[in-house]
Amino acid sequence: MERSEVLGLVAGFGTTFAALPDLLAMLRRRSTAGMNPRMAAIMGLFQILWVFYGLLITSRPVIIWNVIAVLVNFVSVGAYFYFAYKGKTR
């Protein structure tokens, strides 16, 4: 593994998990308060493009971290709609 890949893995870790605290807070509160699903969906869309870019340039760090980030954003949007639905049915 080259130094540039190690740097990419470290940098990707930080940016990938930047959205995780908001997701965890929403899951703990069981509420959509403070969550913007459009932002998570837009980020997820562009991270999918980063995955394709990573495939084109065959960069493992770009591919790995953006696949994880897409999953985090997908869970965030899913949790948002779940809690929003539960809030309306009460």
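Placed above this text is the structure.
What you see is a predicted model, and the numbers here were worked out from it, not measured in a lab.

J.: Help me out: how do you make sense of the packing of aromatic side chains in this one?
T.: The description of two aromatic rings rests on the distance between their centres and on the angle between their planes. Counted under the stated rule, the structure contains six aromatic pairs. Considering the side-chain rings of F13 and W65, the 5.7 Å spacing of their centres and the 75° angle between planes classify their relative orientation as edge-to-face. Linking F13 in helix α1 (residues 3-16) with W65 in helix α4 (residues 60-89), this pair joins segments that are 52 residues apart in sequence. Among the aromatic residues, those joined into a ring-pair cluster are F13, F17 and W65.

J.: What am I meant to see in a nonpolar patch on the surface here?
T.: A cluster of nonpolar side chains, namely I42, L45, F46, I48, L49, F52 and L55, defines an oily patch on the protein surface of about 690 Å² accessible area. Here L45 is to be found in helix α3 (residues 37-57).

J.: Please explain α1 as it appears in this structure.
T.: An α-helical turn contains 3.6 residues, so a residue and the one three or four places further along point in the same direction. With 14 residues, α1 extends 20 Å between its outermost C-alpha atoms, agreeing within 8% with the 20 Å of an ideal straight helix rising 1.5 Å per residue. Listed as buried for α1 are E5, G12 and T16. All buried residues of α1 lie within an arc of 25° about the axis, which places them on one face of the element. For α1, exposure combined with an orientation more than 90 degrees from the buried face picks out R3, L7 and V10.

J.: Would you mind showing me how to read the nonpolar core here?
T.: As a rule of thumb, soluble globular proteins bury nonpolar side chains together. Grouped together as the largest cluster of nonpolar side chains are nine residues: L23, M26, M35, A40, V72, V77, A79, Y80 and F83. Mapped onto this core, the elements with two or more residues apiece are α2 (20-29) and α4. Ranked by residue count, the leading element in this core is α4, at five residues. Setting aside anything within four residues of it in sequence, one finds F83 in contact with M26, L27, R30, S31 and T32.

J.: I keep staring at the environment of T16 and nothing clicks. Help me out?
T.: If you trace the backbone, T16 turns up in helix α1. Sequence separation of T16 and N73 is 57 residues, and the distance between their C-alpha atoms is 9.6 Å. Not counting residues within four places of it along the chain, the set of residues in contact with T16 comprises W65, I68 and A69. There is a polar contact of 2.7 Å between the side chain of T16 and the backbone oxygen of G12. There is a polar contact of 3.1 Å between the side chain of T16 and the backbone oxygen of W65.

Calculation criteria
- Along every chain, residues carry numbers that run from 1 in the direction the sequence is written.
- Local features are withheld for residues below a pLDDT of 70 in this predicted model, meaning they are given only at 70 or higher, and side-chain atom pairs are given and counted only at 80 or more; totals for whole chains, interfaces and linings count all residues.
- Heavy atoms throughout the structure, all of them, feed into the side-chain values; hydrogens and water do not.
- Classification of ring pairs rests on two measures: the distance between centres of Phe, Tyr or Trp rings, Trp counted by its six-membered ring, which must be within 6.5 Å, and the angle between planes, read as stacked under 30 degrees, edge-to-face over 60 and tilted in between.
- By definition, any uninterrupted DSSP run of H or I lasting at least four residues is a helix, any uninterrupted run of E lasting at least two residues is a strand, and each is numbered from the N terminus.
- Residues enter patches when they are more than 30% accessible in relative terms and free of salt bridges; like-charged ones are connected within 9 Å and nonpolar ones (Val, Leu, Ile, Met, Phe, Trp, Tyr) within 5 Å.
- Per-residue and other accessible areas were derived by the Shrake-Rupley procedure at a 1.4 Å probe size, with only the shown protein chains allowed to occlude residues.
- By definition, a salt bridge exists where a carboxyl oxygen of Asp or Glu is found within 4 Å of a side-chain nitrogen of Lys or Arg.
- What a helix is expected to span follows from its residue count: subtract one and scale by 1.5 Å.
- To sort residues, take the accessible area from a 1.4 Å probe on protein chains only and compare it with the maximum for the residue type: under 20% means buried, over 50% means exposed, and anything in between is partly exposed.
- It is the directions from the helix axis to the C-beta atoms that the arc portrays.
- To form a nonpolar core, buried Ala, Val, Leu, Ile, Met, Phe, Trp, Tyr and Cys residues must be joined to one another through side-chain atoms within 4.5 Å.
- Should any heavy atoms of two residues lie within 4.5 Å, those residues are considered in contact.
- Definition of a polar contact: a pair of N or O atoms within 3.5 Å, with one able to donate and the other able to accept a hydrogen when the atoms are protein atoms, and with sequence-neighbouring residues admitted only if both atoms are side-chain atoms.

Keep in mind these values describe shape, not function.
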